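# Topology and contacts: notes
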Amino acid sequence: MSVLQAVRGTRDLLPPETALWNHIDATARRVFERYSFGEIRTPILEETQLFARGVGEETDIVSKEMYTFTPEPGQSLTMRPENTAGVVRAYIEHQLGETGQLQKLYYIGPQFRRERPQKGRYRQFFQIGAEVIGPPSAGSESPLRDAEVLEMLATLLSELGISGWKLLLNSVGSATDRPRYVQTLRAALEPVVSSMCEDCQRRAVTNPLRVLDCKHAEDQPIIAKLPRIWDSLDEGSKEHFATVCAALDACGVPYEHDHRLVRGLDYYTRTTFEFVSGDLGAQNALLGGGRYDGLSEALGGPRAPGIGFAIGEDRLVLSLQARNKQASQLAAAYIAPLGDRMNPAALVLARELRALGLRVELGDGSFRLKKSFETGNKLAYSIVILGEDEAASGILTVKHFASAEQFKVSRAELGQKLSALLNSNN
Ligand code: AMP
């Protein structure tokens, strides 16, 4: 019988790696809460229409990457390929705009795209994202919101220990600027597109903005000469962009104006951005996002401008692994009972230490002392010996592996001592 395996493009996440994922989740939640974001959890399954209307029929995601099925005649469902459309659907469905306040929402969860798998690109991948959305009267169009979101991202990456990123920033203009630019771009592409790659030839017809994403070396000189979107922006969009930049300058967040950053999804207006990282090879985008002032209306909702981003959590993990920033897997202590009779007492001692919040591994009294030391050395920073004498006297013998220091300590002080040793290791 053939052995069953995880579906291509999906992966099992196992310990110790899952500890790093949990660390990233916890750090993101902590940072988001400081900026007053609350968590939203939307379903993985949505009506296919949501993405067709929200993300855009002509995008790669909708035209070829979605997991769509028909559970019953007349119904088409899709496993979400991204989460912004779902959040905006929920915003409309629950009339969150009625509060008159900005909604600041974050999510963490799996997304699904049928892309060609490679390092950093999976068919089930995880995104950590956030959206700021609300009625214009709540200030949802303000460039200050864009700057605040970007500053929050710089803070989050720094708290995760990710440095050396580059923030690429651009404006794709208002809902009227963009079609004007697309027209200009079409006209400029017409005489040159026949000498470009096949993808560009297709995109020139279906979605000319995507030509700017082309990575083919031979096409680059042609793309460099194409008109820039900046020259099609109206004064309002230029001023909006300048205000975002000035706010970033004021708080010392570095960025680069990348005229080619138009991003793949249809819903973006004005600010678009990406954080890229040198650690990641070909798939170097850590996260992407932008403003989507018309999305709510495109989904049949009220006017509700917004800005958001999605971080590729798989890529954060790769980046942190590349920097050897594994969350520590060692327990504070390994308790070694001397003989089977000490097993219950060892369980009680483990319980006491765990109640103090320490991570504890419990040994087995059937082990010889040598084996206990070997096992303890693999699993924990220190070993605590628990024999009949120790149980009777309440004085325990501890060995700290890294320093090879061995000492005696009273049961009452054991937790404190182990915590101190833990801190000295980290
Ligand atoms: P997007 O929703 O396409 O703007 O992507 C936002 C971020 O999600 C990207 O910058 C990547 O870090 C991550 N991402 C997108 N697609 C994938 C994928 N197939 N596998 C892993 N990460 C992805």
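About the thresholds
Residue numbers restart at each chain and count upward from 1, following the sequence in its written direction. The model is predicted, so local features are restricted to residues of pLDDT at least 70 and side-chain atom pairs to those at 80 or more, both for listing and for counting; the totals for chains, interfaces and linings are taken over all residues. As a rule here, side-chain values come from all non-hydrogen atoms in the structure, and water together with hydrogens is ignored. The way it works is that DSSP assigns letters per residue, a run of H or I at least four long becomes a helix, a run of E at least two long becomes a strand, and they are numbered from the N terminus. For each residue, the accessible area found with a 1.4 Å probe, counting protein chains only, is set against the maximum for its type, and the residue is called buried under 20%, exposed over 50%, and partly exposed in between. Should any heavy atoms of two residues lie within 4.5 Å, those residues are counted as being in contact. Put plainly, a pocket is an open set of points on a 1 Å grid over the protein atoms alone with protein on both sides within 12 Å along at least five of seven lines, a cavity is a set where a 1.4 Å probe fits but cannot get out, and a lining residue has an atom within 4 Å of a point. Grid points are joined across faces, edges and corners, and a volume is the space filled by probe spheres set on the points. Gly falls in the polar group here, along with every residue not listed as nonpolar (Ala, Val, Leu, Ile, Met, Phe, Trp, Tyr, Cys, Pro) or charged (Asp, Glu, Lys, Arg). We call a residue near a molecule or strand whenever a single non-hydrogen atom of that residue lies within 4 Å of it. For the purposes of these results, a polar contact is taken to be a pair of N or O atoms within 3.5 Å, where, inside protein, one atom must be able to donate a hydrogen and its partner to accept one; residues adjacent in sequence count only when each atom of the pair is a side-chain atom. The Shrake-Rupley method, run with a 1.4 Å probe sphere, supplies the accessible areas, and residue values consider only the shown protein chains as cover. All axes are obtained by fitting lines to C-alpha atoms, using only the stretch in contact for helices, and the reported angles, taken between N-to-C directions, cover 0 to 180 degrees. Oblique is the label for any angle not covered by the other classes, which are roughly parallel (under 35 degrees), roughly antiparallel (over 145) and roughly perpendicular (65 to 115). Whether a crossing is left-handed or right-handed is set by the direction in which the near helix is turned from the far one by less than a right angle, anticlockwise for left-handed and clockwise for right-handed. Throughout this description, the term salt bridge denotes a Lys or Arg side-chain nitrogen within 4 Å of a carboxyl oxygen of Asp or Glu. One requirement defines pairing of two strands: DSSP has to find at least two bridges between them. Domain extents, as shown, originate in an automatic or database domain assignment. Side-chain atoms within 4.5 Å are what join buried Ala, Val, Leu, Ile, Met, Phe, Trp, Tyr and Cys residues into a set we call a nonpolar core.

This part covers the overall build of the chain. Each helix and strand in the chain was counted, giving 15 helices and 16 strands. Dimensions of the chain along its principal axes, counting C-alpha atoms only, are 90 × 55 × 45 Å. Counting across all 426 residues of the chain, residues that qualify as buried make up 49%. Contacts in the chain between residues far apart in sequence, at least 24 positions, make up 70% of those at least 6 positions apart.

The space that makes up the second largest pocket amounts to roughly 310 Å³. Looking at which element gives the most residues to the lining of the second largest pocket, the answer is helix α6 (residues 177-189), with four residues. Of the residues in the lining of the second largest pocket, the class split is seven nonpolar, six polar and eight charged.

Another aspect to go through is unusual backbone geometry. Residues P15 and P16 are joined by a peptide bond in cis, for which omega reads 5°. For P16, the location among the structural elements is in the segment before α1 (17-34). Backbone geometry at S36 places phi at a positive 70°, although glycine is not the residue there. Here S36 is to be found in the loop between α1 and β1 (38-39). One non-glycine residue, R270, lies in the positive phi region at around 50°. With respect to the helices, strands and loops of the structure, R270 is situated in strand β9 (residues 269-277).

This part takes up the site of the ligand. Near the ligand you find 15 residues, and of these R113, E115, Y122, R263 and A285 are the closest. Here an oxygen atom of the ligand and a side-chain polar atom of R113 are 2.7 Å apart. Against a free-state accessible area of 480 Å², the protein chains account for coverage of 91% of the ligand. The greatest single-element share of the shell around the ligand, amounting to four residues, is contributed by strand β10 (residues 285-291). Grouping the constituent residues of the shell around the ligand by class yields six nonpolar, four polar and five charged.

Let us now look at the packing of α1 against helix α11 (residues 313-322). Direction vectors running N to C along α1 and α11 enclose 115°, while the axes themselves pass 10 Å from each other. Classified by the angle their axes make, α1 and α11 are roughly perpendicular. For α1 against α11, the interelement crossing comes out right-handed. The segment α1 lies against α11, with E17, L20, W21, I24 and D25 engaging E313, D314, L316, V317, L320 and Q321. Class assignment of the residues belonging to the contact of α1 with α11 gives a composition of six nonpolar, one polar and four charged.

Tallied over the full model, the rule gives 21 salt bridges. The salt bridge partner of R210 is D213, with a shortest N-O separation of 2.7 Å. Overall, R210 belongs to the buried group, its relative accessible area being 11%. Between R291 and D293 there is a salt bridge, with the nearest N and O atoms lying 2.8 Å from each other. Each member of the pair, R291 as well as D293, carries the same accessibility label: buried.

Within the open sheet, the five strands sit side by side as β13-β12-β14-β15-β16. Their pairing is mixed. Single-partner strands in this sheet number two, and they are β13 (360-362) and β16 (405-410). Averaged over all adjacent pairs, the angle separating strand axes in this sheet is 25°, with direction ignored. For strand β12 (residues 331-337) and β13, the ladder comprises three bridges, and the chain directions are parallel. Looking across to β13, one finds that Y334 is bridged to E361. Here helix α12 (residues 343-355) sits on the sheet in contact with β12, β13, β14 (380-386) and β15 (395-400), set at roughly 170° to β13. Helix α13 (residues 369-379) contacts β12, β13, β14 and β15 of the sheet and is inclined by roughly 150° relative to β14.

This part is about the domain arrangement of the chain. The domain boundaries assigned to the chain delineate domain 1 (17-174 + 233-322) and domain 2 (331-425). Inter-centroid distance (C-alpha atoms) of domain 1 to domain 2 is 47 Å.

Right, let's get into the sheet that holds strand β2 (residues 45-47). Across the sheet, which stays open at both edges, the three strands sit in the order β2-β4-β3 with antiparallel pairing between neighbours. The open sheet has two edge strands, β2 and β3 (67-69), and neither has a second partner. Averaged over neighbouring strand pairs, the angle between their axes works out to 35° when direction is ignored. One ladder, built from three bridges, connects β2 with strand β4 (residues 77-79); its direction is antiparallel. Opposite E47, over in β4, you have L77 as the bridge partner. Contacts from helix α2 (residues 48-56) reach β2, β3 and β4 within the one sheet, and its direction differs from that of β2 by about 70°.

F32, F273, F275 and F309 are the most contacted members of the largest nonpolar core, which totals 46 residues. One finds L189, C200, L212 and Y267 within the second-largest nonpolar core, a separate group that totals 36 residues.

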